[in-house]
Amino acid sequence: MAIAKAERLMNLALCLLGTRRPLSKRELRGSIEAYLEAGSDDSFNRMFERDKDDLRELGLVIETVENLDGDTGYLARRDSNRLPPITLDAEEAAALGLAAKVWQQARLAGAASGALQKLRAAGMPEAEDAYEVHSALEPRIPVHEAAFEPLMLACRDRRPVTFDYRKANSAAPVQRQVEPWTLECWRGHWYLAGWDRGRGAERVFRLSRITGKVRSRAGAFTAEVPDVVTVRETVESWAGETATRTARIRLRAGSGYPLRSRAISVHERGDGWDELEIPYGHGLDAWLVEFGPDVVVEEPADLRADVVDRLRAVAKD
């Protein structure tokens, strides 16, 4: 059975790499003997989807393209599946080994481990792991949101998605149609950056505010995907981390520790409140609302007005 599956995967990979145009499921079924022997359309579809996912797990970049007739086709461009020779020194190998231990999700852990094995087989030097024996600290990036894995796969495969999203100033979620670009972790929260088709502009979504299931949609992206640096700067800005001014707030004593960790200065007032000066950038009003009655904005006036508007919108809902 293992040999038969390996042969089937190899034949599928050769078909996808050898074509100059996207091949439909019907064409692939007619080209691969194992698919011809599938008992029914449902059996073939299940087998094909598993094989496609397995090839992607092995590192093959498979594109999904919709033609003018609305049919979906598949291909693996050679230029997208070719890497230059990789040479790493001991320090670079150690950094990759450390990065591979960051992920807690089984899917990502398996992919990271497999990538390291391939690099070591290609001659990557073995590096001493400082985290292996003597340290009680382990690097981790926690992911608790159910939306993370389907969005990660959609970013990888360049597939549009739809999901219900609840903004910070609204109690009711609204469906969004998004072309996902990348996922970023910032200060313990995961964000999705992408093109919002309904708004006709790029947007950033906090994963913890996505409700229900993330559903994939067929079809190609309609907007150009920016480079990685631009996307990361967008995530940073929309997460409220690009500070251009400072704000002065009152914070209830013993609360709001994330705000305290970012404060430029903290003064005890002696009346159960502390006064903080914190960096003020885009998105700060949405963050402050999350602390509810424990935060009062003193200045600037525009930030205070934005927070009041958000609180009123939540109260109205």
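Fair warning: this is a prediction, and the values are worked out from it, not measured in the lab.

What counts and how
Residues numbered from 1 in each chain as written. Predicted model: local features only at pLDDT ≥ 70, side-chain atom pairs only at ≥ 80, totals over all residues. Heavy atoms only, no water. Helix = DSSP H or I, 4+ residues; strand = E, 2+ residues; numbered from the N terminus. Buried < 20%, exposed > 50% of the residue type's maximum accessible area, 1.4 Å probe, protein only. Contact = heavy atoms within 4.5 Å. Areas by Shrake-Rupley, 256 points an atom, 1.4 Å probe, with all protein chains shown as cover. Phe/Tyr/Trp six-rings, centres within 6.5 Å; stacked < 30°, edge-to-face > 60°. Lys NZ or Arg CZ within 6 Å of the ring centre and 35° of its normal. pLDDT = per-residue confidence, 0-100. Salt bridge = Lys/Arg side-chain N within 4 Å of Asp/Glu carboxyl O. Core = buried A, V, L, I, M, F, W, Y, C linked by side-chain atoms within 4.5 Å.

Trainee: Where do I start with the overall build of the protein in this structure?
Mentor: If you tally the helices and strands in the protein, you get 11 helices and 12 strands. Looking at the protein as a whole, 36% of its 317 residues are labelled buried. Intrachain contacts of the protein at a sequence separation of at least 6 include 55% that bridge at least 24 residues. Carbon and sulfur atoms form 51% of the exposed surface of the protein, whose accessible area is close to 18,900 Å².

Trainee: Got a minute to help me understand the packing of aromatic side chains in this structure?
Mentor: Aromatic ring pairs are described here by two measures, namely the spacing of the ring centres and the angle between the planes. Applying the stated criterion across every chain yields a total of nine aromatic pairs. Relative to Phe44, the ring of Tyr35 lies with its centre 5.2 Å away and its plane at 75°, an arrangement referred to as edge-to-face. Its relative accessible area of 0% is what places Tyr35 among the buried residues. Aromatic pair Phe163 and Tyr165: ring centres 6.4 Å apart, planes at 65°, arrangement edge-to-face. Classification of Phe163 by relative accessible area gives buried; the value is 1%. Residue classification places Tyr165 among the buried residues on the basis of a relative accessible area of 6%. Taken together, Tyr35, Phe44, Phe48 and Tyr74 form an aromatic cluster joined through their ring pairs. For the cation-ring pair, Arg260 lies above Tyr257, with the distance from its terminal atom to the ring centre recorded as 6.0 Å.

Trainee: Whenever I open this one, the confidence of the model for the protein confuses me. Can you help?
Mentor: It should be kept in mind that the predicted coordinates are not to be read in detail where pLDDT is low. Looking at the protein, the pLDDT average stands at 81 and 78% of residues meet or exceed 70. Ranking the elements of the protein by mean pLDDT puts helix H6 (residues 106–121) last with 62 and strand S4 (residues 161–165) first with 95. Confidence drops under a pLDDT of 50 for residues 133–137, and excluding neighbours within four residues, the segment shows two contacts in the predicted structure.

Trainee: Teacher, can you tell me more about helix H7 (residues 148–157) here?
Mentor: Every α-helix carries 3.6 residues per turn, so stepping three or four residues along brings you back to the same face. Counting buried positions along H7 gives seven out of 10 residues, so the element sits mostly inside the fold. Among the residues of H7, Phe148, Leu151, Met152, Leu153, Ala154, Cys155 and Asp157 are the ones counted as buried. Looking one or two residues past H7, Arg158 carries a phi angle of roughly 55°, positive in sign.

Trainee: Got a minute to help me understand the environment of Arg245 in this structure?
Mentor: Along the chain, Arg245 falls in strand S9 (residues 243–252). Note on Arg245: relative accessible area 41%, which makes it partly exposed. For the pair Arg245 and Pro300, spaced 55 residues apart in the sequence, the C-alpha separation amounts to 9.4 Å. Sequence-distant contacts of Arg245, defined by excluding residues within four places in its chain, comprise Ile278, Pro279, Tyr280, Pro300 and Asp302.

Trainee: What exactly am I supposed to notice about the pattern of salt bridges here?
Mentor: A side chain of one charge can pair with a side chain of the opposite charge if their charged atoms are brought near each other. Taken as a whole and assessed by the stated rule, the structure comprises 24 salt bridges. A salt bridge links Arg206 to Glu290, with the nearest nitrogen and oxygen atoms 3.0 Å apart. Taken as a pair, Arg206 in strand S7 (residues 201–206) and Glu290 in the loop between helix H10 (284–289) and strand S12 (295–299) lie far apart in primary sequence, 84 residues in all. Assessed through its relative accessible area of 11%, Arg206 is described here as buried. Here Glu290 falls in the partly exposed class, since its relative accessible area comes to 39%. Residue Glu275 pairs with Arg248 through a salt bridge whose shortest N-O separation is 3.3 Å. One end of the pair, Glu275, is in strand S11 (residues 273–281); the other, Arg248, is in strand S9, with 27 residues separating them in the sequence.

Trainee: Explain the nonpolar core here, please?
Mentor: General note: in soluble globular proteins, nonpolar side chains tend to be found buried as a group. In terms of nonpolar packing, the biggest core is built from 18 residues, with Leu151, Phe163, Leu183, Leu192, Leu207 and Ile210 touching the most fellow members. Of all elements in the fold, only H7, S4, strand S5 (174–186), strand S6 (189–196) and strand S8 (210–216) reach the threshold of two or more residues within this core. Ranked by residue count, the leading element in this core is H7, at six residues. With sequence-adjacent residues up to four places away left out, Ile210 is seen in contact with Ala147, Leu151, Phe163, Asp164 and Tyr165.

Trainee: Where do I start with the environment of Trp190 in this structure?
Mentor: Mapped onto the fold, Trp190 is located in strand S6. Under the relative-accessibility criterion, Trp190 is labelled buried at 5%. Through-space distance from the C-alpha of Trp190 to that of Glu145 is 8.5 Å; in sequence the pair is 45 residues apart.

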